[in-house]
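So you can see what is in the structure, the chains are spelled out below.
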Amino acid sequence: MSTKEGCSPPHFLAIIQAMNRTLILETKDKVSQQVKLQGWVNSKRDHGKITFIDLRDRSGLVQIVGFQKLSELRIESVIEVVGMVKPRGEKYANEQLATGKVEVEVESYTLLGDCEELPITLDGDGLNIGEAPRLKYRYLDLRRPRLQHNLRMRSQLVDALRQILFKQDFVEIETPMLTKSTKEGARDFLVPSRFQPGKFYALPQSPQQYKQLLMTAGFERYFQVARCIRDEDLRADRGFEFTQLDLEMSFVTQSAVMQTVEAMVKQAVGVVGGKLKQKDFPVIDYQDAIKKYGADKFDLRSEQEKKDNVLAFAWVVNFPFFKKVDKKDIAEVRDSKSGWTFTHNPFSQPKPEFVQDHLNQQNLDKILTTQYDLVCNGYEIGGGSIRAHDPAVLEATFKIMGYSAEQIQESVGHMLRAFKLGTPPHGGIALGIDRLVMLLANEKSLKETIAFPMTSTGRTAVMVGPNVVEPDQLTELGISIKSQADLSARDQK
Ligand code: ASP
């Protein structure tokens, strides 16, 4: 650290260092006052004897001026300055800046954290920079106003959702991250157990079963901002983990859950300044959506609404419960033993008029589920259902998927047991927070809404993961790695 004292005598310096920090935005109301500012050198214009810096902190930017000082400072280094707030005068005011009518004449300053030459440019939105350098230096990339805005908005949105739910008696409860491999439609991420070598935990694809068990436990209204982890094939904008607003309610009908969720979404979107197309979200039958839009997610906006980044939400209902297994989908092939699998969620309740067929395991292609999906601007934003809480119904779902009595016990025996110990009727939903923020921020990729997303090839940001580990870590876990030759041979199969 080096302190440039400017014209301040040493005893005066001691006094000013004890001064409280002023946030940059507050300087606009502190003309003729001495302030201490701390922040980053956003930009610098050096005119020989006089140097102008735009100093940045979390509240904004202000121009600071140094006479015979500041010129050696490098862009993006972190400094503390003490100086006098002065009016800029009409002619020099900068209308673009909230602090544009003032500037701070620097008396002394300290370098708190130097910055070497930047490995990526921070000018502009960064979208033209390759993904690898952006994510390697994500802590720099995140300094961009665009990403600062996205992450702050995400935080506000989650805060709004929490407040809305707390007001309605919801309880926020965490569920385990280390759990058992489940049949939820995707590949599990497995975690080896050190205490029981050869056995594995699975990371949760969602809190589905635990949240249902919280209904058995009598909480009636649960929510969680939950991290979900699925080992799915990567797409350009999708990593292995994502965040859901997960909720579950007891003693509810399908329309009661949909109403609660719709009211919550409208209110929270309003808090962060989102614009809605419709006051009431249209409810569209799955078959009609397929006929009309060719898919169960669709964009209801006009061209003008697209330009204005309006959000067009809609519900889709009356989905088929079952479908034939897609042979290319490893998780589907693994989860089903009969060639039939669920379209959305094996824990759902069929619509009342199909319960008998479901129990009889007949007319499988006709059975509709109580599933409801929320779509927005062409994306699925969330989905949920009323759950099967009658053990016979859940058992039938797994029988339809070809499970033997023993396999059913092994997979969902704990749920069937809970359903025999006083489980209320219940239903819920999960909303994708990353996607909702992506749409609100008018971004094209989920990565623009996540602080440290993965690369498109599944590598972690900033640090290199996945990576090799120490041999003794593997020994402890009872794991041995096949030779590279064996692994390549496996991959070529
Ligand atoms: N567990 C479901 C999912 O992650 C959501 C739900 O039905 O509540 O898609």
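This section reports on the structure supplied with the text. Bear in mind the structure is a predicted one, so any value in this text is a computation, not a measurement. (Residues numbered from 1 in each chain as written. Predicted model: local features only at pLDDT ≥ 70, side-chain atom pairs only at ≥ 80, totals over all residues. Heavy atoms only, no water.)

1. A few points about the overall build of the protein
Looking only at helices and strands, one finds 15 helices and 20 strands in the protein. With respect to the principal axes defined by its C-alpha atoms, the protein has extents near 90 × 60 × 40 Å. Looking at the protein as a whole, 47% of its 493 residues qualify as buried. Surface summary for the protein: the accessible area is close to 25,400 Å², and the carbon and sulfur share equals 52%. Where the 66 positive side-chain charges of the protein centre and where its 65 negative ones centre are 1 Å apart. (Helix = DSSP H or I, 4+ residues; strand = E, 2+ residues; numbered from the N terminus. Buried < 20%, exposed > 50% of the residue type's maximum accessible area, 1.4 Å probe, protein only. Areas by Shrake-Rupley, 256 points an atom, 1.4 Å probe, with all protein chains shown as cover. Lys, Arg positive; Asp, Glu negative; His and termini not counted. Charge placed at Lys NZ, Arg CZ, Asp CG, Glu CD.)

2. Some words on the packing of aromatic side chains
Throughout the structure, instances matching the rule amount to nine aromatic pairs. An angle of 20 degrees between the planes, with centres 4.8 Å apart, marks the rings of Phe281 and Phe313 as stacked. One end of the pair, Phe281, is in the loop between strand S12 (275-276) and strand S13 (283-285); the other, Phe313, is in strand S15 (residues 313-317), and 32 residues separate them in sequence. Take Phe313: its relative accessible area is 1%, and that puts it in the buried class. The cationic tip of Arg194 hangs over the ring face of Phe195; the distance from NZ or CZ to the ring centre is 4.6 Å. Of note, Lys266 hangs over the ring of Phe281, and the distance from its end group to the ring centre comes to 5.4 Å. (Phe/Tyr/Trp six-rings, centres within 6.5 Å; stacked < 30°, edge-to-face > 60°. Lys NZ or Arg CZ within 6 Å of the ring centre and 35° of its normal.)

3. Description of the packing of helix H5 (residues 208-216) against helix H12 (residues 405-419)
Orientation of H5 relative to H12, taken along the N-to-C sense of each, is 20 degrees, at an axis distance of 10 Å. In this view, H5 runs roughly parallel relative to H12, as classed from their interaxial angle. The element H5 and its partner H12 pack so that their crossing is left-handed. Note on element contacts: H12 touches H5 through His414, Met415, Ala418 and Phe419, opposite Gln209, Gln212, Leu213 and Thr216. (Axes fitted to C-alpha atoms, helices over the stretch in contact; angles between N-to-C directions. Parallel < 35°, antiparallel > 145°, perpendicular 65-115°, else oblique. Left-handed = near helix turned anticlockwise from the far one by under 90°. Contact = heavy atoms within 4.5 Å.)

4. Quick look at the site of the ligand
For the ligand, the full set of nearby residues is Ser206, Gln208, Lys211, Arg230, Gln244, Asn345, Gly383, Gly384, Arg387, Ile429 and Ala430. Burial of the ligand by the protein amounts to 85% of the accessible area it has alone, namely 270 Å². For the shell around the ligand, the secondary structure elements donating two or more residues are H5, strand S19 (379-386) and strand S20 (426-432). Here the residues of the shell around the ligand sort into two nonpolar, six polar and three charged. (Near = heavy atom within 4 Å. Nonpolar A, V, L, I, M, F, W, Y, C, P; charged D, E, K, R; others polar.)

5. Digging into the packing of helix H4 (residues 145-167) against helix H6 (residues 254-271)
Two numbers describe how H4 lies on H6: the axes approach to 9 Å, and their chain directions differ by 140 degrees. Between H4 and H6, the interaxial angle falls into the category oblique. Helix-helix and strand crossings are classified by hand; for H4 and H6 the assignment is right-handed. Taking contact as the criterion, the partners of Leu157, Ala160, Leu161, Ile164 and Leu165 in H4 are, on H6, Met264, Gln267, Ala268, Val269 and Val271. Each residue belonging to the contact of H4 with H6 can be placed in one class, and the counts come to nine nonpolar, one polar and no charged.

6. Describing the environment of Gln148
Looking at where Gln148 falls in the secondary structure, it is placed in helix H4. By relative accessible area, Gln148 is classed as partly exposed at 30%. Spatially, the C-alpha atom of Gln148 lies 9.6 Å from that of Thr449, the residues being 301 residues apart in sequence. In this structure, Gln148 is in contact with Leu142 and Arg143, ignoring residues within four places of it in sequence.

7. Structural notes on the pairing of strand S2 (residues 34-47)
Strand direction decides the pairing type here: S2 and strand S5 (residues 78-87), joined by seven bridges, are antiparallel. The partner of Lys36 across the bridge, within S5, is Val82. Sheet analysis places S2 next to strand S3 (residues 50-57), joined by seven bridges and oriented antiparallel. Residue pairing across strands places Arg45 opposite Phe52, the latter belonging to S3. Hairpin connection, S2 to S3: the antiparallel pair is bridged by two residues, and Gly48 has positive phi, about 80 degrees. (Pairing = 2+ DSSP bridges.)

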